[in-house]
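Residue-level structure breakdown
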Amino acid sequence: MKKRLAMLLAGVMLTGSLLTGCGGDSSASDTNSDAKKEASNSDETGELEGDITFWHSFTQGPRLETIQKAADKFMEENPKVNIKIETFSWNDFYTKWTTGLASGNVPDMSTALVGQVAEMIDSDAIIPLNDLIDDIGRDKFQENALNELTVDGNNYAVPLYSHAMVMWVRKDLLEANNMEVPTTWDELYEDAKALTKDGIYGLSFPCGTTDFQATNFLNFYVKSGGGSLLTDDLKADLTSDLAIDGINYWLKVYEDCSPKDSINYDVLDQATLYYQGKTAFDFNSGFQISGVEANSPDLLQYVDCYPIPTINKGDEQNGITTSNQPMVVWKNSKHPEICEAFIETLYDEDTYVEFLHATPVGMLPAIKGISDTDAYKDNDMIKQFEHAESVIESQIPGGTAIGFEHGPSTQAGILTNQHIIEKMFQDIITNGTDVEEAAQAAEDELNALFEAVQ
């Protein structure tokens with residue numbers, strides 16, 4: 001265990017997860033059951049009692065407020081419970097839990113990114129939530145949403161909401177230039193290049209090393225061609241013909257359609273360009289809508305989304321990158337029963353709809369039936385962006401988290417969390433390194449990290 005934790009600490013530079021094969025600890029479920037039993041025996045009345053800490057990354061006002069409201073309600077109904085909420089950006093959260101695991105400075109429950117859940121499982125840091133999912137209603141969840149959070153029959157996280165990456169366009173710019181919505185990568189490049197004028201960039205390509213946006217964009221291209229950034233035996237695959245084509249495509253976009261500062265962009269930098277009306281196209285989830293509303297409300301009427309392009313005209317597109325935003329309960333928690341009880345209340349219809357409405361269309365229901373309710377539909381933004389919501393919904397079932405085409409794996413987490421692909425693009429752009437040479441070096445570096453966690 002000391003070796004695993006030492007490597008996980010190096011995981012801020014190396015990687016986080018250190019048990020073999022994403023199997024976790026086979027005794028985790030028993031440990032969780034014992035903890036629940038001990039907790040319930042400590043109070044003969046069955047009343048919940050204890051303090052828990054909840055880390056989440058819903059840093060925006062409306063989402064933060066609805067989560068706090070739900071916690072306040074839970075504490076009012078359970079007066080012997082205290083929930084302490086702390087918020088961290090997604091990047092800060094990764095650093096916080098990987099460095100905190102060795103000292104036990106981790107929360108009782110938290111949100112996470114899907115790729116991080118595999119690392120948490122391998123680090124024996126979280127517990128299965130099979131019973132919680134059964135209590136909520138297993139058949140209410142999309143099967144693929146549960147599968148990417150499941151190892152050896154154990155569900156280690158519960159999805160709170162879902163979204164998918166799609167292509168966002170500015171309808172007014174397309175109309176003014178007599179353009180149709182592009183459906184292939186070549187069409188997108190030609191349109192983006194033509195629209196790069198008059199203070200507008202056609203399409204920004206982000207490759208900052210504090211985020212995994214370049215990995216995300218390369219994954220769009222490779223998966224649209226039926227490939228993956230990982231092989232079936234979980235090796236990095238950046239030197240296939242398809243991956244090399246994708247690297248060259250995004251370098252071409254960077255050169256001809258993108259602000260040069262995007263070499264250091266993270267996800268917020270990238271999105272802000274679209275929010276402010278400075279890019280014609282972008283790739284993101286339904287969170288684009290609230291961003292445009294906050295920054296350029298006069299442009300909201302021109303915002304819409306479509307499926308991510310394909311390589312060949314007429315190829316079917318059923319989804320590339322999806323996220324079923326997980327919540328986890330940490331193994332060191334003294335009160336997992338409180339965590340699970342609180343999580344379950346988040347799916348109460350009134351609470352759940354209010355939470356989803358905090359970012360309409362950005363957060364789509366992770367459980368079936370909610371989107372059909374009158375309460376959910378009674379939202380002006382959802383009504384206005386009915387087409388966008390339908391496009392995003394159509395892309396959720398066919399997509400996966402990056403690298404999860406082969407199931408949950410530590411390798412997929414390393415692929416996104418170590419920013420090696422971003423460094424590869426920066427090396428090519430800044431130093432003029434040959435594309436195939438840079439791709440081979442990045443592939444070798446990733447595979448060395450994969451070997452370190454075997």
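To continue, consider the packing of aromatic side chains. Across all of its chains, the model carries 27 aromatic pairs by this definition. Between Phe74 and Phe342, the aromatic rings sit 5.4 Å apart at their centres with planes inclined by 65 degrees, giving edge-to-face as the arrangement. One end of the pair, Phe74, is in helix 3 (residues 61-77); the other, Phe342, is in helix 14 (residues 336-345), with 268 residues separating them in the sequence. Taken as a pair, Phe74 and Phe342 share a single burial class, namely buried. When the centroid spacing of 6.2 Å and the interplanar angle of 55 degrees are considered together, the rings of Tyr161 and Phe355 count as tilted. Of this pair, Tyr161 sits in strand 6 (residues 158-164) while Phe355 sits in helix 15 (residues 349-356); the two residues are 194 residues apart in sequence, bridging distant segments of the chain. Side by side, Tyr161 and Phe355 carry an identical accessibility label, which is buried. Taken together through their ring pairs, the aromatic side chains of Trp185, Phe205, Phe217, Phe220, Tyr221, Tyr249, Trp250, Phe283 and Phe425 make up a single cluster. The aromatic ring of Tyr189 is capped on one face by Lys252, whose charged end is 4.3 Å from the ring centroid. Across the ring face of Tyr254, the terminal group of Lys260 is positioned such that the distance to the ring centre comes to 5.1 Å.

The next point concerns the environment of Asn318. By secondary structure assignment, the location of Asn318 is in the loop between strand 10 (303-306) and strand 11 (322-329). Of the residues examined, Asn318 reaches a relative accessible area of 41% and is grouped as partly exposed. Taking the C-alpha atoms as reference, Asn318 lies 6.9 Å from Ser394; in sequence the two are 76 residues apart. Setting aside chain neighbours within four positions, we find Asn318 in contact with Ser394, Gln395, Gly398 and Gly399. In terms of polar contacts, Asn318 uses its side chain to reach the side chain of Glu316, at 3.3 Å.

Moving on, we come to the layout of surface pockets. The volume enclosed by the largest pocket comes to roughly 1,200 Å³. Considering the residues around the largest pocket, the lining is formed by 44 residues, among which Gln60, Arg63, Trp90, Val267 and Asn284 are closest to the centre. Top contributing element to the lining of the largest pocket by residue count: helix 13 (residues 287-295), with five residues. Per-class residue counts for the lining of the largest pocket are 19 nonpolar, 22 polar and three charged.

Strands sit in the order 2-1-3-11-6-12 across an open sheet of six strands; the sheet is mixed. Looking at strand neighbours, the two that pair on one side only are strand 2 (81-87) and strand 12 (364-365), the edges of this open sheet. The pairing of strand 1 (residues 50-56) with strand 2 spans seven bridges and is classified as parallel. Each bridged residue has a counterpart across the sheet, and for Thr53 the counterpart in strand 2 is Lys84.

A sheet is described by the order of its strands in space; here four strands give the open sequence 8-9-7-10, paired in mixed fashion. The sheet is open, and its two borders are formed by strand 8 (201-203) and strand 10, each paired with just one other strand. Sheet twist, expressed as the average angle between the axes of neighbouring strands with direction ignored, equals 30 degrees. In this sheet, strand 10 lies alongside strand 7 (residues 166-170) in antiparallel orientation, the contact comprising four bridges. Bridging from a neighbouring strand, Arg170 pairs with Val303 of strand 10.

Turning our attention to the pairing of strand 11. Within strand 11, eight of the eight residues are buried, which leaves it mostly tucked inside the rest of the structure. Burial of the side chains of strand 11 extends over both faces: Thr322, Asn324, Pro326 and Val328 are buried on one face and Ser323, Gln325, Met327 and Val329 on the other. Pairing analysis gives three bridges linking strand 3 (residues 109-111) to strand 11, with the strands arranged antiparallel. Each residue of the ladder has a partner; that of Thr111, found in strand 11, is Met327. Two strands pair when backbone bridges link them, and strand 6 and strand 11 are joined in this way by six bridges, in the antiparallel orientation. When the sheet's bridge partners are listed, Ala164 is paired in strand 11 with Thr322.

Right, let's talk about a negative patch on the surface for a bit. Together, Asp72, Glu76, Glu77, Asp131, Asp135, Glu344, Asp348, Glu349 and Asp350 line one region of the surface with negative charge. Those elements that provide at least two residues to the negative patch are helix 3, helix 6 (130-136) and helix 15. Top contributing element to the negative patch by residue count: helix 3, with three residues. If you trace the backbone, Asp348 turns up in the loop between helix 14 and helix 15.

What counts as what
Residues numbered from 1 in each chain as written. Predicted model: local features only at pLDDT ≥ 70, side-chain atom pairs only at ≥ 80, totals over all residues. Heavy atoms only, no water. Phe/Tyr/Trp six-rings, centres within 6.5 Å; stacked < 30°, edge-to-face > 60°. Helix = DSSP H or I, 4+ residues; strand = E, 2+ residues; numbered from the N terminus. Buried < 20%, exposed > 50% of the residue type's maximum accessible area, 1.4 Å probe, protein only. Lys NZ or Arg CZ within 6 Å of the ring centre and 35° of its normal. Contact = heavy atoms within 4.5 Å. Polar contact = N/O pair within 3.5 Å; in protein donor to acceptor, adjacent residues only side chain to side chain. 1 Å grid on protein atoms, 1.4 Å probe; cavity = no way out; pocket = protein on both sides within 12 Å on 5 of 7 lines; lining within 4 Å. Points joined across faces, edges and corners; volume = space filled by probe spheres on them. Nonpolar A, V, L, I, M, F, W, Y, C, P; charged D, E, K, R; others polar. Pairing = 2+ DSSP bridges. Axes fitted to C-alpha atoms, helices over the stretch in contact; angles between N-to-C directions. Patch = residues over 30% accessible without salt bridge, like charges linked within 9 Å, V, L, I, M, F, W, Y side chains within 5 Å. Areas by Shrake-Rupley, 256 points an atom, 1.4 Å probe, with all protein chains shown as cover. Salt bridge = Lys/Arg side-chain N within 4 Å of Asp/Glu carboxyl O. Lys, Arg positive; Asp, Glu negative; His and termini not counted. Charge placed at Lys NZ, Arg CZ, Asp CG, Glu CD.

Spatial relationships are all this shows, so hold off on functional conclusions.
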